[in-house]
Amino acid sequence: MAEWKDGIAKLTLPTPFPVGDVNAYLIKGDRLTLVDAGTKTEESWESFKSQLADLKLKPEDIEQVILTHDHPDHVGMLDYFSPGLDVYGHPSNERWINRTSEFEKEHQEFYEKFFLQSAIPEQYFVPSMKVMKKTLVFSCNRSLTGTILENDVPPGLTGWRVIETPGHAQSHIVLLREKDGTMIAGDTILAGISPNPLLEPPLPGERDRPKPQVQYNSSLKKLQQYPIGLVYTGHGTEITELQSLIEKRLARQHDRAMQVRGMLEGRELTVFEICKLLFPTVYERELNLTISETMGQLDYLYSLGAVSVREEGTSFVYTAK
C-alpha cells in the first residue's frame with residue numbers, strides 16, 4: 001500500500017520486461033510531482049490509479065512529471081495522462097519519447113553498422129531489431145515541456161537539485177534533496193543488480209557514439225562526492241550504504257574487464273567472439289544486452305590503454321596490450 005514518508009511516496013508498477021516491477025515516486029513540492037511514469041500497459045495504469053487512491057489522489061491531481069531517463073519502463077504511461085501535463089527531463093529524452101521517422105532510420109542504421117563492425121552474423125540483424133522495436137511499443141509518444149540540466153532546481157521542487165548521471169542512458173539524471181541527502185536515482189544504481197550501460201546512436205551534432213560504461217563509472221564516482229543518505233531506486237529496494245555499494249560495483253566491473261583482457265592475451269577477437277565467450281549460454285537470447293555489456297568492457301579497457309583495436313574488413317578486432 002502506497003504511503004507518504006518524508007514527503008515522498010513510492011509507487012511500484014508492473015512491467016512486461018525481465019527486470020520486473022519499476023518504481024515511480026510522488027514528491028510533495030510546490031507542485032505535486034511524479035518522478036518517472038511506468039510502462040504503457042493497462043495493467044500498469046490500473047495499478048497506478050489504485051496506489052494513488054491509497055493516497056487519496058487521482059491522476060488529475062498530478063501537476064508535473066520529471067523523467068530520470070527515457071527507457072520505456074520509466075516513460076510509457078505518459079500516454080495515459082492529459083496532453084497538457086508538464087513533463088521535464090534531460091534534453092536527450094526527446095529523441096526517444098517523441099520518436100520521428102528520421103530518428104528511427106538513424107537508430108536502425110547505427111545498429112546495422114555496429115553489428116557489422118562487431119562481426120555479428122547477419123542472421124541476428126532482423127531478430128535484434130525486432131526486439132528493439134517491440135520494446136519501444138511500451139514507450140510513449142509525446143514531447144518534453146521543458147528541459148533540466150546539471151545543478152538545476154527542478155520546477156516546483158525547491159530544495160531539490162539535478163545531477164546528470166549518463167551511462168545507463170544518455171538522458172539519465174538523478175534528483176538530490178539537499179537538506180537530508182535523499183536521492184531519487186532512477187536506474188543509476190540499484191540494490192540488487194548492476195544496471196546495463198546501453199549503447200545508443202551518437203548524440204545530435206556528434207559523430208562518435210557515446211561510451212556508456214566509461215560514462216557510467218564516471219557517474220558513480222561523481223555521486224561519491226555528494227553527501228547522499230537514503231537512495232530511492234528505479235527497481236527494487238532502497239539503498240542506505242551508497243558509498244560502499246559504489247566501491248563494490250566499480251571493483252566488480254574492473255575485475256570483469258580484466259577477465260576480458262585475459263581472453264585477448266596473445267590473440268585477436270571480434271566483439272561478437274568476445275560476447276560469446278563472456279555469455280556462452282545467453283548471448284543468442286539476449287544479444288542486444290550482452291553485446292552492449294561486451295562493448296562497454298572493451299571501451300573501458302581501451303580507456304585504460306589495456307587493449308588495442310584495428311580494422312579488418314568491415315569489422316574491428318581487439319587484442320591485449
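Rules and cut-offs
Residues numbered from 1 in each chain as written. Predicted model: local features only at pLDDT ≥ 70, side-chain atom pairs only at ≥ 80, totals over all residues. Heavy atoms only, no water. Helix = DSSP H or I, 4+ residues; strand = E, 2+ residues; numbered from the N terminus. Rg over C-alpha atoms; globule rule 2.2 N^0.38 Å. Buried < 20%, exposed > 50% of the residue type's maximum accessible area, 1.4 Å probe, protein only. Areas by Shrake-Rupley, 256 points an atom, 1.4 Å probe, with all protein chains shown as cover. Lys, Arg positive; Asp, Glu negative; His and termini not counted. Charge placed at Lys NZ, Arg CZ, Asp CG, Glu CD. Core = buried A, V, L, I, M, F, W, Y, C linked by side-chain atoms within 4.5 Å. Contact = heavy atoms within 4.5 Å. Polar contact = N/O pair within 3.5 Å; in protein donor to acceptor, adjacent residues only side chain to side chain. Axes fitted to C-alpha atoms, helices over the stretch in contact; angles between N-to-C directions. Parallel < 35°, antiparallel > 145°, perpendicular 65-115°, else oblique. Nonpolar A, V, L, I, M, F, W, Y, C, P; charged D, E, K, R; others polar. Left-handed = near helix turned anticlockwise from the far one by under 90°. Salt bridge = Lys/Arg side-chain N within 4 Å of Asp/Glu carboxyl O. Pairing = 2+ DSSP bridges.

As annotated in an unreviewed UniProt entry, the chain carries the name MBL fold metallo-hydrolase and comes from Mesobacillus boroniphilus.

Caption draft 1: Region of the structure containing the overall build of the chain. Summing up its helical and strand segments, the chain has nine helices and 14 strands in all. For the chain, the C-alpha radius of gyration of 20 Å lies close to 20 Å, the compact-globule estimate for 321 residues. With respect to the three principal axes, the spread of C-alpha positions in the chain is 65 × 40 × 35 Å. Counting every position in the chain, which comprises 321 residues, the buried fraction comes to 55%. When the accessible surface of the chain is summed, it comes to about 14,500 Å², and 51% of that surface belongs to carbon and sulfur atoms. Treating the 34 positive side-chain charges of the chain as one cloud and the 45 negative ones as another, the clouds have centres 3 Å apart.

Caption draft 2: Broad picture of the nonpolar core. Judged by nonpolar contacts, the single largest core of 32 residues is most densely connected at I120, L264, I274, L298 and Y318. Where this core is concerned, the elements lending two or more residues are α4 (101–117), α5 (125–136), α7 (242–263), α8 (271–278), α9 (287–303) and β14 (315–320). A total of six residues in this core trace back to one element, the largest contributor, which is α9. Apart from the residues lying within four places of it in its own chain, the contact partners of Y318 are L264, R267, E268, L269, V271, I274, M295, L298, V307, S308 and V309.

Caption draft 3: Fine view of the side chain of N23. One can find N23 in strand β3 (residues 22–28). For N23, a relative accessible area of 3% puts it in the buried group. Here the side chain of N23 touches T12 through a polar contact of 3.1 Å, side chain to side chain. At 3.0 Å, the side chain of N23 and the backbone oxygen of G236 are in polar contact. Every residue in contact with N23, bar those within four places of it in the chain, is listed here: K10, L11, T12, D36, T233, G234, H235 and G236.

Caption draft 4: Spotlight on the packing of helix α6 (residues 212–223) against α9. Contact geometry of α6 with α9 gives a least axis separation of 7 Å together with a crossing angle of 70 degrees. Here α6 is positioned roughly perpendicular relative to α9, judged by the angle of their axes. Where α6 abuts α9, its residues P212, Q213, V214 and N217 lie against G296, D299, Y300 and S303. The class makeup of the residues in the contact of α6 with α9 is three nonpolar, four polar and one charged.

Caption draft 5: Broad picture of the packing of α6 against α7. Two numbers describe how α6 lies on α7: the axes approach to 10 Å, and their chain directions differ by 155 degrees. Between α6 and α7, the interaxial angle falls into the category roughly antiparallel. Crossing angle aside, the handedness with which α6 passes α7 is left-handed. On α7, the residues touching Q213, N217, L220, K221 and L223 of α6 are Q243, I246, R249, L250 and Q253.

Caption draft 6: Representation of the pattern of salt bridges. Taken as a whole and assessed by the stated rule, the structure comprises 15 salt bridges. Of the charged contacts, one joins K49 and E46 as a salt bridge, the two residues approaching to 3.2 Å between their closest N and O atoms. Highlighted residues: K49 and E46, both in helix α1 (residues 42–54), separated by three residues, approximately one helical turn. Sharing partners across several salt bridges, the network here consists of E268, R310 and E312.

Caption draft 7: Region of the structure containing the sheet that holds strand β11 (residues 231–232). Taken in spatial order, the four strands line up as β8-β9-β10-β11 in an open sheet, and their pairing is mixed. In the strand order of this sheet, the two ends are held by β8 (160–164) and β11, each with one partner. Bridge count between strand β10 (residues 182–184) and β11: two bridges; the pairing is parallel. Residue pairing in the sheet places I184 in a bridge with Y232 of β11.

Caption draft 8: Spotlight on the sheet that holds strand β12 (residues 269–270). Pairing is antiparallel across the open sheet formed by three strands, whose spatial order is β12-β14-β13. Edge strands, defined here as strands with exactly one partner in the open sheet, are β12 and β13 (307–312). With two bridges joining them, β12 and β14 adopt antiparallel strand pairing. Bridging from a neighbouring strand, T270 pairs with V317 of β14.

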